[in-house]
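In case you want the letters, here they are:
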Amino acid sequence: MDIDKLRILGEASQYDLCNYVSLNQENFTSPNLPGIYHARTQSGCQVPLFKVLMSNHCTSDCNYCINHCHNRFDRIEFSPEELISVFLHYYQNHFAEGLFLSSGLPGDADVAMENMVEVARKLRLEYEYQGYIHLKVIPGASYDMIKRAMNLADRVSVNLESATSSGFQELTTTKDYHNDVLRRMKWIGRLKKRHHDLAPSGQSTQLIVGANHETDQDILKRAKWLHKHLNINLSYLSPFEPIDKTPLAGHTKPEEKRTPRLYQAQFLLNSYGFSLDEMVLDDEGFLFLDDDPKLLWAKAHPDMFPLEVNEASYKELLRVPGIGKKSAQRIMDARRNGKTFRKLDEIKKLGVVTKRAEPFIQMNHARQTTLSF
Ligand code: SF4
């Protein structure tokens, strides 16, 4: 096996966070095992995946990407057999628990996808591999090719990259936002509805934060749309990283707190019942970086607080800073079993971050602390 090839095509895939929460990826790579990434899932587990490009040939001009078509270097690719042999070596030695396969776009999207689908087909049918496979759907791929990929993969993803069509045009001139990307995502959504067994883990997508003019409001609006129309609970967010020898090499990185704040706001929108209008944004449509969005909302609504823990509904509890979905459910369950809360310690044991919740709650009609803002 050509180790340089493995290293180059493994490293080239690292900026794709689909299916994994954005963390400092550098800490999660394995320098001695090219292509292995230890990433953290939404549930908090770390999973080693073999994450790699089939090929870095690309006719697209995404100006943030090392593989963009105007960059001159020798292009390389794996044959399906080479890639399968590396993956099975990693899998059988427990270095990788699954495969995440992507590719550059060498002209025809279906040509690139054919190779990825062939890897998945051989693994499933010839090697009887039952484990996790995530296949990237290349923008512009045909409906039939996408269906074949979904038939073999646990999860598929198309990277949307931008929240708006105008933002997308700032990043590439060779792909069409509505046709090549969004339309393919809608096909996947429709196929999933009709055939539940296709790609059982569903589809995911990634947006880049800070590479174009888009505001947090733009990004949150798109994340909400993706949730509502395509059942994507969490859109993965990749903070823009300037890369040498790319047209955006001199572009500034987004502030470090921007992406985590966007994740928090996205959870509020898609899992906590908040609306876009309730997000506290500055005049230009950006979240405030110094406080989490839920705390800012609560501070802006003193009329809603303090909330009586022994009487509040589940939805109302979710509005309290420091009370998440699990702790709200535990409070409701305990109350249903006859419990009346009197002390902070009692809800602390259920997972409530009492330091945050304290100014916003009362128990047995006794206020915990006074709102001091
Ligand atoms: S399509 Fe764009 S992001 Fe993907 S490899 Fe080509 S230049 Fe990079």
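Cut-offs and rules
- Residues numbered from 1 in each chain as written.
- Predicted model: local features only at pLDDT ≥ 70, side-chain atom pairs only at ≥ 80, totals over all residues.
- Heavy atoms only, no water.
- Helix = DSSP H or I, 4+ residues; strand = E, 2+ residues; numbered from the N terminus.
- Buried < 20%, exposed > 50% of the residue type's maximum accessible area, 1.4 Å probe, protein only.
- Lys, Arg positive; Asp, Glu negative; His and termini not counted.
- Salt bridge = Lys/Arg side-chain N within 4 Å of Asp/Glu carboxyl O.
- Polar contact = N/O pair within 3.5 Å; in protein donor to acceptor, adjacent residues only side chain to side chain.
- Contact = heavy atoms within 4.5 Å.
- Patch = residues over 30% accessible without salt bridge, like charges linked within 9 Å, V, L, I, M, F, W, Y side chains within 5 Å.
- Areas by Shrake-Rupley, 256 points an atom, 1.4 Å probe, with all protein chains shown as cover.
- Charge placed at Lys NZ, Arg CZ, Asp CG, Glu CD.
- Phe/Tyr/Trp six-rings, centres within 6.5 Å; stacked < 30°, edge-to-face > 60°.

Labelled according to an unreviewed UniProt entry, the chain appears under the name Radical SAM protein, originating from Methanobacterium subterraneum.

1. Some details on the side chain of R222
Examined against the element boundaries, R222 turns out to sit in helix α7 (residues 216–230). With no salt bridge to any partner, buried R222 finds its closest opposite charge in E214, at an N-O distance of 7.6 Å. Of note is the side chain of R222, whose polar atom sits 3.0 Å from the backbone oxygen of A163. What R222 contacts, discounting residues up to four positions off in sequence, is L160, A163, Y177 and L182.

2. Quick word on a positive patch on the surface
Where like charges cluster on the molecular surface, the positive patch consists of K147, R183, K186, R190 and R194. If you tally residues by element for the positive patch, the top one is helix α6 (residues 177–194), at four residues. Inspection of the secondary structure assignment puts R194 in helix α6.

3. Here we look at the packing of aromatic side chains
Under the defined criterion, the tally for this structure stands at 11 aromatic pairs. For the ring pair F87 and Y129, a centre distance of 5.2 Å and an interplane angle of 85° mean the geometry is edge-to-face. Here F87, found in helix α2 (residues 80–92), pairs with Y129, found in the loop between α3 (109–126) and β4 (132–136); they are 42 residues apart in sequence, far enough to count as distant. A relative accessible area of 3% places Y129 in the buried class.

4. Re unusual backbone geometry
In this structure, P306 follows F305 across a cis peptide bond, with omega equal to 0°. Position of P306 among the secondary structure elements: in the loop between α9 (293–299) and β9 (307–308). Phi at H94 takes a positive value of approximately 65°, unusual for a residue other than glycine. By relative accessible area, which is 69% here, H94 ends up exposed. One non-glycine residue, E128, adopts positive backbone phi at about 50°.

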